[in-house]
Amino acid sequence: MDFLTSLMPNVMESLDVIYQSTLETLYMTVITCIISFILGIVVGVLLTILMPGGLRPHPVIYSILDKLVNIFRSIPFVILIALLVTVTRLIVGTSIGTTAVIVPMVVGTIPFYARTVQNTLVEVDAGVIEAAEAMGLSTTQIIFRVLLKESVPGLIRISALTFVSVIGLSAMAGTVGGGGLGDLAITRGYQRHQQDITLVCTVIILIMVFIGQWAADKLAEHYEH
C-alpha cells in the first residue's frame, strides 16, 4: 500500500472519486447502448426493407431516412451536444450532468448503429429471402425469422464496435461537464497536472473496451457454430 501511495499519490487519495466516475461512465454507456441498439435496429431494418431492391421499396421514405442518418452521422459530437441543449432540457430537465449527456449520446449513436445494421442485413443471402417469400411468409416474419436471425453474429460484432464508440463518446462528454472518467481525466488529470489520475482513467476505459469486445467475440462465435 505504501508503494502504491508513493507511486500514485493522487489516485490513492481519490479512490472514491474514481469509483464514482467509473459508475457514471458505465451508466452513460449502458443506457445509451440499450436505447440506441433498440432504435438503431428499427431504423436499420426500415432502411433495409425500404431501400431500392428491398422487401418493400419506398423511394421517398427511404431517401428521407437515408439523408437524416447521413446528416446526424456527420455532426461532431461536441457540436451535437450544443445543438440539442433545448431538447435535452425538455427531456431530462437540465442540459448538464451524466443523465443529460445521454440524450446527445443516443442521438449521435443511433445513425451510426442503424447504418451498420443496414450493411449487415443486406448481406443476408437473397436466395434465402426469396425462399421465405415463396413460402408465403409475411414481411414481419421475414424480418424476424430471416433477416435478423441470419444476421445475429454480425449484429453482435457491430454492437461491440458501437459499444466501444459509445465509451469514447462518454469520455468526450467529460469535456462539457458530463461526468464519468473523461471528466475526471480532464478536471483532475489534465487541469491539475495529476498524470496518475489520467493514466488510471485510461486503463479503466481500456479494460471496459477489452471486456466488451471479448464478450461480444465469444457470443458471436457461439451463434456462428
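Everything discussed here concerns the structure shown above.
Residues numbered from 1 in each chain as written. Predicted model: local features only at pLDDT ≥ 70, side-chain atom pairs only at ≥ 80, totals over all residues. Heavy atoms only, no water.

## A few points about the overall build of the chain
Note the following rule: Strands are runs of DSSP state E lasting at least two residues, helices are runs of H or I lasting at least four, and both sets are numbered from the N terminus onward. To sort residues, take the accessible area from a 1.4 Å probe on protein chains only and compare it with the maximum for the residue type: under 20% means buried, over 50% means exposed, and anything in between is partly exposed. To measure how exposed things are, a 1.4 Å probe is used in the Shrake-Rupley method; for residues, cover is taken only from the protein chains shown.
The number of helices and strands found in the chain is twelve helices and zero strands. Ordered by position from the N terminus, the helices and strands of the chain form the series α-α-α-α-α-α-α-α-α-α-α-α. With respect to the three principal axes, the spread of C-alpha positions in the chain is 70 × 45 × 25 Å. Each of the 225 residues in the chain was classed as buried or not, and the buried ones make up 43%. For the chain, the computed accessible surface area is about 12300 Å², with 67% contributed by carbon and sulfur atoms.

## Concerning the pattern of salt bridges
Let me state the cut-off plainly: Salt bridges, as used here, are contacts in which a Lys or Arg side-chain nitrogen is within 4 Å of a carboxyl oxygen on Asp or Glu.
Scanning all chains against the criterion turns up two salt bridges. The partner of Arg115 in a salt bridge is Asp66, and the shortest N-O contact between them spans 2.7 Å. Residue Arg115 is found in helix H7 (residues 102-121), and its partner Asp66 is found in helix H4 (residues 59-74); the two are separated by 49 residues along the sequence. Here Arg115 and Asp66 have matching classes, each one buried. Taking the shortest distance from any N to any O, the salt bridge between Asp217 and Arg157 comes out at 3.4 Å. Taken together, the residues span a long stretch of sequence, with Asp217 in helix H12 (residues 195-224) and Arg157 in helix H10 (residues 152-173) at a distance of 60 residues. For Arg157, a relative accessible area of 34% puts it in the partly exposed group.

## A word on the packing of H7 against H10
To be explicit about the condition: Comment: axis = line fitted to C-alpha atoms, over the contacting stretch for helices; angle = value between 0 and 180 degrees taken between N-to-C directions. Here the angle decides the label: under 35 degrees means roughly parallel, over 145 means roughly antiparallel, 65 to 115 means roughly perpendicular, and every other value means oblique. For any helix crossing, the convention is left-handed if the near helix is rotated counterclockwise from the far helix by under a right angle, and right-handed if that rotation is clockwise. What makes two residues a contact is simply this: any of their non-hydrogen atoms within 4.5 Å. Side-chain classes are defined by residue name, with Ala, Val, Leu, Ile, Met, Phe, Trp, Tyr, Cys and Pro counting as nonpolar, Asp, Glu, Lys and Arg as charged, and the others, Gly among them, as polar.
It is at 10 Å that the axes of H7 and H10 come closest, and there the two elements cross at 160 degrees. For the element pair H7 / H10, the angle class is roughly antiparallel. With respect to the hand of their crossing, H7 and H10 are arranged in right-handed fashion. Between H7, through Met105, Thr109, Phe112, Tyr113, Thr116, Val117 and Thr120, and H10, the contact on the second element is made entirely by Gly154, Leu155, Ile158, Ser159, Leu161, Thr162, Val166, Leu169 and Ser170. Split into classes, the residues belonging to the contact of H7 with H10 amount to nine nonpolar, seven polar and no charged.

## Comments concerning the packing of H10 against H12
At a minimum axis separation of 8 Å, H10 and H12 run at an interaxial angle of 170 degrees. Taken together, the axes of H10 and H12 lie roughly antiparallel to each other. Across the interface between the two elements, Val152, Pro153, Ile156, Arg157, Ala160, Phe163, Val164, Ile167 and Ala171 from H10 touch Ile205, Met208, Val209, Gly212, Gln213, Ala216, Asp217, Leu219, Ala220, Glu221, Tyr223 and Glu224 from H12. Partitioning the contact of H10 with H12 into residue classes produces 15 nonpolar, two polar and four charged.

## Quick notes on the state of the cysteines
A covalent bond between the sulfur atoms of two cysteines is what we call a disulfide. The test is simple: For this text, the term disulfide refers to a pair of cysteine sulfurs within 2.5 Å.
Within the structure shown, the criterion is met by zero disulfides. Cys201 takes part in no disulfide bond, and the closest cysteine sulfur, belonging to Cys33, lies 19 Å away.

## Things to note about the layout of surface pockets
Rule in force here: Cavities and pockets were defined on a 1 Å grid built from protein atoms only: a cavity is a group of points that admits a 1.4 Å probe but offers it no way out, a pocket is an open group of points flanked by protein on both sides within 12 Å along at least five of seven lines, and a lining residue is one with an atom within 4 Å of any such point. Grid points are joined across faces, edges and corners, and a volume is the space filled by probe spheres set on the points.
Put simply, the largest pocket is a space of about 240 Å³. At the level of elements, helix H3 (15-50) and helix H8 (126-134) are the ones that each hand at least two residues to the lining of the largest pocket. Ranked by residue count, the leading element in the lining of the largest pocket is H8, at four residues.

## Quick look at a negative patch on the surface
Convention followed: For patches, a residue must show more than 30% relative accessible area and have no salt bridge; joins then use 9 Å for like charges and 5 Å for nonpolar side chains, namely Val, Leu, Ile, Met, Phe, Trp and Tyr. We count Lys and Arg on the positive side and Asp and Glu on the negative side, and we leave His and both chain ends out. Note on charges: their place is set at NZ of Lys, CZ of Arg, CG of Asp or CD of Glu.
A grouping of Asp125, Glu130, Glu133 and Glu150 is seen on the molecular surface, where their side chains present a negatively charged patch. Looking at the secondary structure, you find Glu150 in helix H9 (residues 139-150).

## Points about a nonpolar patch on the surface
A cluster of nonpolar residues, Tyr19, Leu23, Leu26, Val30, Ile34, Ile35, Ile38, Leu39, Val42 and Leu46, forms a patch on the protein surface that exposes about 850 Å² of accessible area. By the secondary structure assignment, Ile38 is in helix H3.

## What about the side chain of Gln194?
Relative to the assigned elements, Gln194 resides in the loop between helix H11 (180-190) and H12. The class of Gln194 is buried, set by a relative accessible area of 14%. Aside from chain neighbours lying at most four places away, what touches Gln194 is Asn10, Arg188 and Gly189.

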